[in-house]
Amino acid sequence: MRRYLRQFLSDPRVIEIPRALWLPILHAFVLTTRPRQSARKYASIWSPGGSPLRVHTQTQAQLLGERLGPRVRVEFAMRYGSPSIPDTLARLKSEGCERVLVFPLYPQYAASTTATALDQVAEFLQRTRNIPELR
């Protein structure tokens, strides 16, 4: 929980106050109390398969893959947590995927949702040579 909260709450698109002010607050106060509180709340909605978000996203990806057929591979990635966007893109590239469509599944555009996911894609592209065709 602490790792997730640190990653999420360190994102400048999520917390838009100066980092020099926010990061000491995050590390001194938020990350020392919030993980315990959040863990209790998350435990109440967790399923045997794990996080509801992950379970439903994985099911959605599987069903979409079945619908699109064997010529199209559907994978999912999470902005915060695992499987991460960079890890998934690296795996697809290493397995020879030549064309990739990134499709954020947020119900609306916001800097703290779609934009931060696309930032992760852009960071992967900046440090990767011979990238696949990407849309």
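Computed from a predicted model, the values in this text were never measured in an experiment. (Residues numbered from 1 in each chain as written. Predicted model: local features only at pLDDT ≥ 70, side-chain atom pairs only at ≥ 80, totals over all residues. Heavy atoms only, no water.)

A. Representation of the environment of Trp-22 within the structure. Residue placement: Trp-22 occurs in helix H2 (residues 19–45). On a C-alpha basis, the gap between Trp-22 and Pro-12 in space is 9.7 Å, while along the polypeptide they are 10 residues apart. Among all residues touching Trp-22, those that are not within four sequence positions of it are Leu-9, Ile-15, Ile-17 and Val-30. Among the polar contacts listed, one links the side chain of Trp-22 to the backbone oxygen of Leu-9, at a separation of 2.7 Å. (Helix = DSSP H or I, 4+ residues; strand = E, 2+ residues; numbered from the N terminus. Contact = heavy atoms within 4.5 Å. Polar contact = N/O pair within 3.5 Å; in protein donor to acceptor, adjacent residues only side chain to side chain.)

B. How the structure looks around helix H3 (residues 52–68). The first and last C-alpha atoms of H3 sit 24 Å apart over 17 residues, in line with the 24 Å expected at 1.5 Å per residue. Those residues of H3 that sit buried are Thr-57, Ala-61 and Gly-65. Viewed end-on, H3 has its buried residues packed into an arc of 70°, placing them on one side of the element. Opposite the packed face of H3, turned more than 90 degrees from it, sit the exposed residues His-56, Glu-66 and Arg-67. If you check the start of H3, you find a side-chain oxygen 3.2 Å away from the backbone N of Leu-53, and it comes from Ser-51. Downstream of H3 by one or two residues, Gly-69 has phi in the positive range, about 95°. (Expected span 1.5 Å × (residues − 1). Buried < 20%, exposed > 50% of the residue type's maximum accessible area, 1.4 Å probe, protein only. Arc of directions from axis to C-beta.)

C. Up close: the packing of aromatic side chains. A full pass over the atoms with the stated rule returns 4 aromatic pairs. Between the aromatic rings of Tyr-4 and Phe-8, the centroid separation amounts to 5.8 Å while the plane-to-plane angle is 5°, which identifies the pairing as stacked. Remark: Phe-8 and Tyr-4 occur in helix H1 (residues 2–9); sequence separation between them is 4 residues, near one turn of the helix. The exposure class of Phe-8 is partly exposed, given its relative accessible area of 24%. Relative to Tyr-80, the ring of Tyr-4 has its centre 6.3 Å away and its plane inclined at 85°; by these criteria the two rings are edge-to-face. Placement of Tyr-4 in helix H1 and of Tyr-80 in the loop between H3 and helix H4 (85–94) is noted, with a sequence separation of 76 residues between them. A relative accessible area of 29% means that Tyr-4 is categorised as partly exposed. (Phe/Tyr/Trp six-rings, centres within 6.5 Å; stacked < 30°, edge-to-face > 60°.)

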